[in-house]
Amino acid sequence: MEVWAGLTVMAALMQSVRTAGQKKLAYGLTATGAAVVRYLYGLPFALLYLFWLVYWQPEASGSLPDSNERFLLFAFLASLTQLIATALMVWLFRFRNFAIGSMYVKTEALLAALLGAVLFSESLSAMAWLSIVLGAIGIMLISSWKSAASEHGADPSHLMQWLFNPAAGTGLLAGGLFALTSLCLRQASLSLDTGFQLSAAYTLAVMVIMQSLIGIIYLSFRSASDWRSMSRQHPACVFVGLTSVMGSVGWFTAMTLQPVAYVKAVGQIEFIFTLIIAVLVFREKLTAREILGMLVIVAGVLLLLLAS
């Protein structure tokens, strides 16, 4: 397995673990506060990883990369788009059609391929496109769209209203912004004149600093109660911060080495890890449809890895 693929699998696993950890956060922490936890508590670990690469590893350079205007621009855009996309995800909970909105968010890999081709001329092989499409089909099978659609009956007009509604638009926008986040962070990392590991780590640290500052300002003015909630559950917050950074190290490094669409295609294996955690930790039962979706995602990932 190539380095970028191994990093992606590790990142997908850590993201699933972090999501499970966020479900454990309690004591009145708002959805926005839970999102800020990943940045605020992840910042010390992101800085520690960066300083290890710069000063402590055997071949350490002893100096940070030189920032440039292109780097700062794309790092800021990536930070902003990720925060907006996260806010849209939170907003989705207000819609009655939350399930279909969530399904559209999960088309991030497909949107990353399309936006990458249009904005940054990233070309993909036919096998890569097939892998992405198979992943999207697998995710739809895993998602609860069939059960939600059954609530509207077999009437095609009802189904069309269900597929095209404000929740769907919000989910699609969130997915597009998440895809744009990945594309922008790749451009930021590639603009640095240094090795791939250090450039990815520096990009991660700068973005987490930006997002932490924005989160601190927001919570201080709009949701001060979250500070008290965090203080009651520091261990859980630290766990979320650590697993978030471990996942981000994998994503950022892989996306520095390989176009975003390839990384996101392999990264769709995250949904399999999420289901496994749901079964082992939360004692949920898998349906035949979910198992089929897992197999389709695995087939798509294997096709891409074999082709590369």
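Preceding this paragraph is the structure being described.
On a predicted model such as this, the values are computed, not experimentally measured, just so you know. (Residues numbered from 1 in each chain as written. Predicted model: local features only at pLDDT ≥ 70, side-chain atom pairs only at ≥ 80, totals over all residues. Heavy atoms only, no water.)

Trainee: Quick question: what am I supposed to make of the overall build of the protein here?
Mentor: Summing up its helical and strand segments, the protein has 16 helices and zero strands in all. Every one of the 308 residues in the protein was classed for burial, and the buried ones make up 51%. Of all intrachain contacts in the protein linking residues separated by at least 6 positions in sequence, the fraction that spans at least 24 positions is 84%. Total accessible area on the protein is roughly 14,600 Å²; 68% of this is exposed by carbon and sulfur atoms. (Helix = DSSP H or I, 4+ residues; strand = E, 2+ residues; numbered from the N terminus. Buried < 20%, exposed > 50% of the residue type's maximum accessible area, 1.4 Å probe, protein only. Contact = heavy atoms within 4.5 Å. Areas by Shrake-Rupley, 256 points an atom, 1.4 Å probe, with all protein chains shown as cover.)

Trainee: Before we go on, may I ask you to explain the packing of helix H11 (residues 196-222) against helix H13 (residues 234-257) in this structure?
Mentor: Describing two packed helices takes the angle between their axes plus the distance from one axis to the other. The geometry of H11 relative to H13 is characterised by a closest axis approach of 9 Å and an angle of 130° between their N-to-C directions. Between H11 and H13, the angle is such that the two are oblique. When the axes of H11 and H13 are compared, the crossing they make is right-handed. Each of Phe196, Ser199, Ala200, Thr203, Leu204 and Met207 in H11 lies in contact with H13, whose residues at this interface are Val245, Ser248, Val249, Phe252, Thr253, Thr256 and Leu257. (Axes fitted to C-alpha atoms, helices over the stretch in contact; angles between N-to-C directions. Parallel < 35°, antiparallel > 145°, perpendicular 65-115°, else oblique. Left-handed = near helix turned anticlockwise from the far one by under 90°.)

Trainee: Can you walk me through a nonpolar patch on the surface in this structure?
Mentor: A grouping of Leu48, Phe51, Trp52, Tyr55, Trp56 and Leu64 is seen on the molecular surface, where their side chains present a nonpolar patch of about 620 Å² in accessible area. Take Phe51: it is sitting in helix H3 (residues 43-56). Classification of Phe51 as partly exposed rests on a relative accessible area of 32%. (Patch = residues over 30% accessible without salt bridge, like charges linked within 9 Å, V, L, I, M, F, W, Y side chains within 5 Å. Salt bridge = Lys/Arg side-chain N within 4 Å of Asp/Glu carboxyl O.)

Trainee: Help me understand H3 in this model?
Mentor: Every α-helix carries 3.6 residues per turn, so stepping three or four residues along brings you back to the same face. Relative to the 20 Å expected for 14 residues at 1.5 Å per residue, H3 spans 19 Å between its end C-alpha atoms, a close match to the ideal helical length. Within H3, the full set of buried residues consists of Leu43, Ala46, Tyr49, Leu50, Leu53 and Val54. The arc that holds every buried residue of H3, seen down its axis, measures 135°, which confines them to one face. Where the residues of H3 are buried, they touch helix H2 (31-40), H11 and H13. (Expected span 1.5 Å × (residues − 1). Arc of directions from axis to C-beta.)

Trainee: Just checking my understanding: could you explain the side chain of Thr253 for this structure?
Mentor: Looking at where Thr253 falls in the secondary structure, it is placed in helix H13. The residues contacting Thr253, other than those within four sequence positions of it, are Leu7, Phe196 and Ala200.

Trainee: So what exactly am I meant to see when it comes to unusual backbone geometry here?
Mentor: Trans peptide bonds make up the majority, and among non-glycine residues the majority have a negative phi. The backbone of Ser121 sits at a positive phi, close to 55°, despite the residue not being glycine. Tracing the chain through its elements places Ser121 in the loop between helix H6 (108-120) and helix H7 (126-142). Look at Ser121 and you get exposed, because its relative accessible area is 64%.

Trainee: For this particular structure, what's the right way to read the packing of aromatic side chains?
Mentor: Aromatic ring pairs are defined here through the distance separating the ring centres and the angle between the ring planes. In total, this model carries four aromatic pairs according to the counting rule given. When the ring of Phe51 is compared with that of Tyr55, the centres are 6.1 Å apart and the planes differ by 45°; the resulting orientation is tilted. Note that Phe51 and Tyr55 are positioned in helix H3 at a spacing of four residues, about one turn of the helix. Taking the ring centre of Trp251 as reference, the NZ or CZ of Lys264 above it sits at 4.7 Å. (Phe/Tyr/Trp six-rings, centres within 6.5 Å; stacked < 30°, edge-to-face > 60°. Lys NZ or Arg CZ within 6 Å of the ring centre and 35° of its normal.)

Limitation: the analysis is restricted to geometry and does not speak to function.
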